[in-house]
Amino acid sequence: MCSDVACICMLLAFKLVSTMKDRDKVKALLREAGLRATGPRLAVYMAVAKEGRPVSHSQLVKQMAGQDLDSATVYRNLVRLTEVGLLKVVSRANGMARYANSSADAQHGHGHEHAHFVCSDCDTISCLPEDALPKPKVEGRWSESLAAAQMVVQGTCPDCLS
């Protein structure tokens, strides 16, 4: 589970999609992005938002096992939702893409630019508070070149330690 400060933007995204009324908002969001609001696409978007932390394709497939969606359908929808900017890859820790809801970032004025913690035991990834690690700062000739950075910290999460 995320710490009380971590993943606030993700938890707010969960609240966005937690009621049937909000399901209509998600359908409208998909349509605004130029996508058809298909059942699988809606389910994938909502599952990422509900997760409350960055989530991988394989984690989503397990989470959505009862929804009769195959792995390829989940993957294609993750890719498509990412292409139109509704989801974004926020970490590639251990070579695995992990997705988060982009609209939560936009609502809160940041681009998910904070460190992530990868648990060596359970392989979950959690957002760390923005002030947990210093942000990269480059001066001189590289100062205008830096567009983004991903910081990953590894260890054993508090849930696995207890």
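Nothing here was measured: the structure is a model prediction, and the numbers come from that model.

Conventions used here
Residues numbered from 1 in each chain as written. Predicted model: local features only at pLDDT ≥ 70, side-chain atom pairs only at ≥ 80, totals over all residues. Heavy atoms only, no water. Helix = DSSP H or I, 4+ residues; strand = E, 2+ residues; numbered from the N terminus. Buried < 20%, exposed > 50% of the residue type's maximum accessible area, 1.4 Å probe, protein only. Contact = heavy atoms within 4.5 Å. pLDDT = per-residue confidence, 0-100. Lys, Arg positive; Asp, Glu negative; His and termini not counted. Salt bridge = Lys/Arg side-chain N within 4 Å of Asp/Glu carboxyl O. Polar contact = N/O pair within 3.5 Å; in protein donor to acceptor, adjacent residues only side chain to side chain. Pairing = 2+ DSSP bridges. Axes fitted to C-alpha atoms, helices over the stretch in contact; angles between N-to-C directions. Core = buried A, V, L, I, M, F, W, Y, C linked by side-chain atoms within 4.5 Å.

## Examining the overall build of the protein chain
And step 1. Within the protein chain, the secondary structure is distributed over seven helices and six strands.
And step 2. For the protein chain, the α and β elements follow one another from N to C terminus as α-α-α-β-α-α-β-β-α-β-β-β-α.
And step 3. Counting the 162 residues in the protein chain, one finds 37% classified as buried.
And step 4. The contacts of the protein chain with a sequence gap of at least 6 include a subset with a gap of at least 24, amounting to 60%.

## Let's talk about the confidence of the model for the protein chain
And step 1. Looking at the protein chain as a whole, the pLDDT averages 80, with 80% of positions reaching at least 70.
And step 2. The element-level mean pLDDT for the protein chain is lowest in helix H1 (residues 8-16), coming to 50, with helix H5 (residues 71-83) highest at 96.
And step 3. Confidence over residues 1-9 falls short of pLDDT 50; this stretch has 17 contacts with residues more than four positions distant or in other chains.
And step 4. Across residues 105-110 the pLDDT falls below 50, and counting only partners more than four positions away or on other chains, this stretch makes nine contacts in the model.

## Thoughts on the side chain of Arg41
And step 1. Its location among the elements puts Arg41 in helix H3 (residues 39-51).
And step 2. Of the side chains with opposite charge, Glu83 comes closest to the buried, unpaired Arg41, at an N-O distance of 8.3 Å.
And step 3. For Arg41, the side chain forms a polar contact with the side chain of Asn77, separated by 3.1 Å.
And step 4. Sequence-distant contacts of Arg41, that is, excluding residues within four places in its chain, are made with Leu30, Leu35, Arg36, Asn77, Arg80 and Leu81.

## Some words on the sheet that holds strand E3 (residues 98-101)
Across a sheet, strands are paired by hydrogen bonds formed along the backbone, either parallel or antiparallel in direction.
And step 1. The strand order across the open sheet built from three strands is E1-E3-E2, with neighbouring strands paired in antiparallel fashion. Of all strands in the sheet, those bounded by a partner on one side alone are strand E1 (55-56) and strand E2 (87-91).
And step 2. Together, E2 and E3 form the strand contacts of H5, whose direction differs from that of E2 by roughly 100 degrees.

## A look at the nonpolar core
And step 1. If you look at the biggest cluster of nonpolar residues, it comprises 22 residues, and the most contacted ones within it are Leu30, Leu60, Met64, Val74, Leu78 and Leu81.
And step 2. Among the elements that make up this core, the one with the highest residue count is H3 (seven residues).
And step 3. Sequence-distant contacts of Met64, defined by excluding residues within four places in its chain, comprise Ala43, Val44, Ala47, Leu69 and Val74.

## What about the sheet that holds strand E4 (residues 116-119)?
And step 1. One open sheet holds the three strands; their spatial order is E5-E4-E6, and the pairing between them is mixed. Both edges of this open sheet fall to strand E5 (125-127) and strand E6 (152-155), since each of them pairs with a single strand only. Neighbouring strand axes in the sheet, compared pairwise and without regard to direction, differ in orientation by 25 degrees on average.
And step 2. Two strands pair when backbone bridges link them, and E4 and E6 are joined in this way by four bridges, in the parallel orientation. Note that in E6 the partner of Val118 across the bridge is Gln154.

## A short note on the pairing of E3
And step 1. Of the two faces of E3, the one lined by Arg98 and Ala100 and the one lined by Tyr99 and Asn101 are each fully buried.
And step 2. Examined bridge by bridge, E1 and E3 share two bridges and lie antiparallel to one another. Across the sheet, Ser56 pairs through a bridge with Arg98, a residue of E3.
And step 3. The pairing of E2 with E3 spans four bridges and is antiparallel. Note that in E3 the partner of Val89 across the bridge is Tyr99.
And step 4. If you look at the hairpin formed by E2 and E3, you'll find six residues sitting between the two strands, and Asn94 has a positive phi there, around 55 degrees.

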